[in-house]
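What the coordinates show
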Amino acid sequence: MTASTHMAFGLLSAAGAFSLVPVPLHQDVSAVGGAILGSLLPDIDSPKSSIGRMLPFVSAPIERRWGHRTITHSLLALLALGLVMLPLFFYRASCFAALLIGYASHLLADCATKSGAPLFYPNPAVCVFPANDRYRIHTGSLVGEGLVMVLLLILLAVSMPVLRVGGIWRATRYLIASQRTAYADYREAASEAVLSFEGRWRASRRPVRGEVLILDATSERFLIVLEGRMLTVGEEGDILSDKSRVRETGRPIRLGSLRVRGKTFEEVLAQIPEGAFVSGRLEGDASVHLSGRKEVFQARHVCVRASGRTLELTFAPRSALARLSPGRQVDAGRVTALRAQVEGLASALQAMQFKRPPVHYLKLRALREELEARRRELAGLREPTVRFTGLLSLRIPGGIK
């Protein structure tokens, strides 16, 4: 076969092999080059071949010693190439594999020609397929090899979408487009991923579709943000999906952390970047009461919870946090009791100051200290601001492309 046919078959063979594993051949220039070089390399035994003309000082001695289509067209040469290029495997395994696949494709293609190939050299037997000579190709023929070339180019064009989605298995999952197949793609994703879905709102049964960033996922549901709201997609989610597909964006997942020590909620919010999603736990210096817009609390996925002095965040959007106003949980009964204690202590102190004979100064000082402590406690209960301490993790997404 001609060099162009060998190159096309070598690329197609590498594309087929790489489609079985999640290795993007179309993005690996070295692997593509390795497949092309490997598909031409067996013809190094002829100075008239494409590679032989580029390396005449190598091809001419090989032809004089062994002749054309002998040792270089055998499995022995393929094994020798693998041993010689073994260091390449540890440097770039994809290029090493593509080189050997390209070389093997040349041998296989030559078996389909009239002359065949001596795969088991030095055994002189020639391997051919199919066995009937009428169905094998004559090298350089316009009808036979021309049709093969066209077929190879068509198959290469068809294989590109399969490679782009991540190989045969991912392509199959893409066609199925179920919740579980989408989750399998999400688990294998090495970069930021987005969810393309079609389905219906659980409450209204109205159709909905979109492509949104995935924050978290399980086999049962995806956690997403749609139109500024935290939602879940899946059997138990806000959206019942008919089709779900996961696509990698190629962008790295950006994470960050924020350590909080004695900060008000407004001060914490000022340190969170726009568009970020926040998870973690904050401990307040008093019981926390949440107030804000109702949609923050009414979603099926509650991203903000307050329990006692603890404020728990689970992928809470910064935009949602900006609509909240955490304050102290006021205990009306405690305020009333402290107010009565303050009034009683103030009256007792005033009476002791005018008592005759005078009260010992240590008793007066102890009463004043107790009165000040109760006043400070009462003022603290009336103060709405809570100061928080804790560690937050940030997820900072990129734009969807």
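Scoring rules and cut-offs
Residue numbering note: each chain is counted from 1, following its sequence as written. With pLDDT at 70 or above as the cut-off, local features in this predicted model cover only qualifying residues; side-chain atom pairs require 80 or more to be listed or tallied, and sums for whole chains, interfaces and linings still use all residues. Remark: hydrogens and water are excluded; side-chain values derive from all non-hydrogen atoms of the structure. Under the DSSP-based scheme used, a helix requires at least four consecutive residues in state H or I and a strand at least two consecutive residues in state E, with every element numbered from the N terminus. Only C-alpha atoms enter the radius of gyration, while the globule expectation follows 2.2 Å times N to the 0.38, with N the number of residues. The cut-offs for exposure are 20% and 50% of the maximum accessible area for each residue type, with area from a 1.4 Å probe on protein chains only; residues under the lower value are buried, those over the upper are exposed, and the others partly exposed. Between two residues, a contact is recorded if the distance between any of their heavy atoms is within 4.5 Å. Using a 1.4 Å probe, accessible areas were evaluated by the Shrake-Rupley method; residue-level cover was limited to the displayed protein chains. In this text, buried Ala, Val, Leu, Ile, Met, Phe, Trp, Tyr and Cys residues form a nonpolar core when linked through side-chain atoms within 4.5 Å. We treat two strands as partners when DSSP finds at least two bridges between them. Only C-alpha atoms enter the line fits that serve as axes; for helices the fit covers just the stretch in contact. Angles between N-to-C directions range over 0 to 180 degrees. Given a helix with a known number of residues, its expected span is that number minus one, times 1.5 Å. Polar contact is defined as a pair of N or O atoms within 3.5 Å, subject to the rule that within protein one atom must be able to donate a hydrogen and the other to accept it, and that residues adjacent in sequence are counted only when both atoms are side-chain atoms. The term disulfide is used for any two cysteine sulfur atoms that are within 2.5 Å. By definition in this entry, angles of less than 35 degrees are roughly parallel, angles greater than 145 are roughly antiparallel, angles of 65 to 115 are roughly perpendicular, and the rest are oblique. Gly is placed with the polar residues, together with every amino acid not listed as nonpolar (Ala, Val, Leu, Ile, Met, Phe, Trp, Tyr, Cys and Pro) or charged (Asp, Glu, Lys and Arg). In this scheme Phe, Tyr and Trp rings, the latter by its six-membered ring, pair at centre separations within 6.5 Å, and the angle between planes marks the pair as stacked below 30 degrees, edge-to-face above 60, and tilted otherwise. Ring-over charges, as used throughout, are those where CZ of Arg or NZ of Lys falls within 6 Å of the ring centre and within 35 degrees of the ring normal.

1. Here we look at the overall build of the chain
Each helix and strand in the chain was counted, giving 15 helices and 12 strands. For a compact globule of 401 residues, the expected C-alpha radius of gyration is about 21 Å, and the chain comes in at 37 Å, more than 25% above that figure. Overall, the chain is about 130 × 50 × 30 Å in size when its C-alpha atoms are taken along their principal axes. Here the chain holds 401 residues, and the buried ones make up 40% of them. In the chain, of all internal contacts separated by at least 6 residues, the share reaching a separation of at least 24 is 68%. Summed over its atoms, the accessible surface of the chain is roughly 22200 Å², and 60% of this surface lies on carbon and sulfur atoms.

2. With respect to unusual backbone geometry
Going from Tyr121 to Pro122, the amide bond is cis rather than trans, its omega being 15°. Mapped onto the elements of the fold, Pro122 is located in the loop between helix 7 (93–111) and helix 8 (144–164). Each neighbour pair has its own omega, and for Phe129 with Pro130 the value is -5°, a cis peptide bond. By the element assignment, Pro130 lies in the loop between helix 7 and helix 8. With a phi angle near 55°, Ala177 is a residue other than glycine that sits in the positive phi range. As for its placement among the helices and strands, Ala177 is situated in the loop between helix 9 (168–176) and helix 10 (179–188).

3. Here's the deal with the nonpolar core
Among the nonpolar cores identified, the biggest contains 29 residues, and Ile272, Val304, Leu311, Leu313, Leu321, Phe388 and Leu392 are the most heavily contacted of them. Mapped by element, the contributors of at least two residues to this core are strand 2 (207–217), strand 6 (254–264), helix 11 (265–270), strand 7 (277–284), strand 10 (310–317) and strand 12 (387–396).

4. Focus on the sheet that holds strand 12
Within the open sheet, the 5 strands sit side by side as 6-12-7-10-9. Their pairing is antiparallel. Bordering the open sheet on either side are strand 6 and strand 9 (304–307), each of which pairs with just one other strand. Looking at each pair of strands side by side, their axes are set apart by 10° on average, direction ignored. Where strand 7 meets strand 12, 8 bridges bridge the pair, whose relative direction is antiparallel. Bridge assignment links Gly284 to a residue of strand 12, and that residue is Phe388.

5. So, the pairing of strand 9
The pairing of strand 9 with strand 10 spans 4 bridges and is antiparallel. In the sheet register, Val304 faces strand 10, and the bridge partner there is Leu313. Between the end of strand 9 and the start of strand 10, which pair antiparallel, lie 2 residues, with Gly308 showing a positive phi angle near 65°.

6. As for helix 1 (residues 3–18)
Taking 1.5 Å of rise per residue, 16 residues should cover 22 Å, and helix 1 covers 22 Å from first to last C-alpha, within 8% of that figure. The set of residues buried in helix 1 consists of Thr5, His6, Ala8, Phe9, Gly10, Leu12, Ala14, Ala15 and Phe18. Tucked into the core, helix 1 has its buried residues touching helix 2 (29–40), helix 7 and helix 8.

7. A few points about the side chain of Ser279
Within the secondary structure layout, Ser279 lies in strand 7. In this structure Ser279 comes out as buried when scored by relative accessible area, which is 15%. Engagement of the side chain of Ser279 in a polar contact is seen with the backbone nitrogen of Phe315, the distance being 2.8 Å. If near-sequence neighbours (up to four positions away) are discounted, Ser279 is found in contact with Leu313, Thr314, Phe315, Leu391, Leu392 and Ser393.

8. Here's the deal with the state of the cysteines
Here a disulfide denotes one covalent bond, and it connects the sulfur atoms of two cysteines. Per the counting criterion, the structure on display carries 0 disulfides. No disulfide involves Cys127; its sulfur sits 5.4 Å from the nearest other cysteine sulfur, which is in Cys111.

9. Let's talk about the packing of helix 5 (residues 75–84) against helix 7
The angle between the axes and the distance between the axes are what describe a pair of packed helices. Following both chains from N to C, one finds helix 5 and helix 7 inclined at 170°, their axes separated by 10 Å at the closest point. One finds that helix 5 runs roughly antiparallel with respect to helix 7. Side by side, helix 5 and helix 7 meet where Leu75, Ala77, Leu78, Leu81 and Gly82 of the first sit next to Phe96, Leu99, Leu100, Tyr103, Ala104 and Leu107 of the second. Across the contact of helix 5 with helix 7, the residue classes break down as 10 nonpolar, 1 polar and no charged.

10. Looking at the packing of aromatic side chains
Scanning the entire structure with this criterion turns up 5 aromatic pairs. Here Phe265 and Phe388 contribute two aromatic rings whose centre-to-centre distance is 6.4 Å and whose plane-to-plane angle is 70°, an arrangement assigned as edge-to-face. In this pair, Phe265 sits in helix 11 while Phe388 sits in strand 12, placing the two residues 123 residues apart along the sequence. You'll find Phe265 and Phe388 in the same group, each marked buried. Members of the aromatic cluster, each reached through a chain of ring pairs, are Phe89, Phe90 and Phe96. Sitting above the plane of the Tyr174 ring, Arg245 keeps its charged end 4.3 Å from the centroid.

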